[in-house]
Amino acid sequence: MATDDQEWETRAKCRTADPEELFVEGAAQNRAKVLCNGCPVRTECLAHALDNHIEHGIWGGMTERDRRSLLRRRPTVTSWRLLLQTARAEHASPGRPLRVLQAADRERTA
């Protein structure tokens, strides 16, 4: 099901890369993560992988191990997309601190 929320895929820096480069193991993962640097949709990509519990590959600059660790540390987050979008908006606003963990805690109590 394609939605407007998934249009980020068409702007991904890796859209022309060989998929085999993003689904690697070991030290090759560090090389694969470099492709995510400067990607305009890195946040959307990471949120997609976290929200859908994608187990394999590099998504949003994180390995499957990185994502599993993050999911274990923040089990109450129900929408990584919302959390990361909020954090990005707060980070972009001058004078407003980045409050990723506070947003996650608000979501947990909602």
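This write-up is about the structure you can find in this document. Note that the coordinates shown come from a computational prediction; the quantities given were computed from them, not determined experimentally.

With 7 of 10 residues buried, helix α2 (residues 42-51) is to be regarded as a mostly interior element. Burial in α2 covers these residues: Glu44, Cys45, Leu46, Ala47, His48, Ala49 and Leu50. The elements touched by buried residues of α2 are α3 (64-73) and α4 (80-92). His53 sits one or two residues past α2 and shows a positive phi near 50°.

Okay, the side chain of His48 next. Relative to the elements of secondary structure, His48 occurs in helix α2. Beyond its immediate chain neighbours, meaning those up to four positions away, His48 contacts Gln6, Trp8, Ile54 and Trp59.

On to the pattern of salt bridges, then. For the coordinates displayed, the defined rule picks out 2 salt bridges. A salt bridge links Lys33 to Asp66, with the shortest nitrogen-to-oxygen separation between them at 3.6 Å. Linking Lys33 in helix α1 (residues 28-34) with Asp66 in helix α3, this pair joins segments that are 33 residues apart in sequence.

Mapped onto the fold, Ser79 is located in the loop between α3 and α4. The spatial distance from the C-alpha of Ser79 to the C-alpha of Asn52 is 9.8 Å, given a sequence separation of 27 residues.

Grouped together as the largest cluster of nonpolar side chains are 9 residues: Leu46, Ala47, Leu50, Met62, Leu70, Val77, Trp80, Leu83 and Leu84. Mapped by element, the contributors of at least two residues to this core are α2 and α4. For Ala47, the contacting residues outside a window of four places in its chain are Trp80, Arg81 and Leu84. Counting residues in hydrophobic clusters, the runner-up holds 7 residues, among them Trp8, Ala12, Cys45 and Ala49.

We now examine the packing of α2 against α4. Contact geometry of α2 with α4 gives a least axis separation of 8 Å together with a crossing angle of 155°. It follows that α2 is roughly antiparallel to α4 by the angle criterion. Note on packing geometry: the crossing formed by α2 with α4 is right-handed. Between α2 and α4, the residues in contact are Thr43, Glu44, Leu46, Ala47, Leu50 and Asp51 and Trp80, Arg81, Leu84 and Arg88, respectively. Taken together, the residues of the contact of α2 with α4 sort by class into 5 nonpolar, 1 polar and 4 charged.

The rules behind each value
Sequence order sets the numbering: in each chain, residues are counted from 1 along the sequence as written. Per-residue local features are limited, in this predicted model, to residues with pLDDT of at least 70; the limit for side-chain atom pairs, both in listing and counting, is 80 or more; totals at the level of whole chains, interfaces and linings are taken over all residues. Heavy atoms from the whole structure form the basis of all side-chain values; hydrogens and water molecules are not counted. Categorising residues by exposure relies on relative accessible area from a 1.4 Å probe, with only protein chains included: less than 20% of the type maximum marks a residue as buried, more than 50% marks it as exposed, and the intermediate range marks it as partly exposed. Numbering of helices and strands starts at the N terminus; helices are DSSP runs of H or I of at least 4 residues and strands are runs of E of at least 2. Should any heavy atoms of two residues lie within 4.5 Å, those residues are counted as being in contact. One side-chain nitrogen of Lys or Arg within 4 Å of one carboxyl oxygen of Asp or Glu is enough to make a salt bridge. The criterion is simple. A nonpolar core is a set of buried Ala, Val, Leu, Ile, Met, Phe, Trp, Tyr and Cys residues joined through side-chain atoms within 4.5 Å. A fitted line through C-alpha atoms serves as each axis, taken over the contacting stretch for helices, and the angle formed by two N-to-C directions is quoted from 0 to 180°. Angles below 35 degrees are treated as roughly parallel, those above 145 as roughly antiparallel, those between 65 and 115 as roughly perpendicular, and all remaining angles as oblique. Handedness of a crossing is defined here by the sense of rotation of the near helix relative to the far one, left-handed for an anticlockwise turn of less than a right angle and right-handed for a clockwise turn. Note on residue classes: Ala, Val, Leu, Ile, Met, Phe, Trp, Tyr, Cys and Pro are nonpolar, Asp, Glu, Lys and Arg are charged, and everything else, Gly too, is polar.

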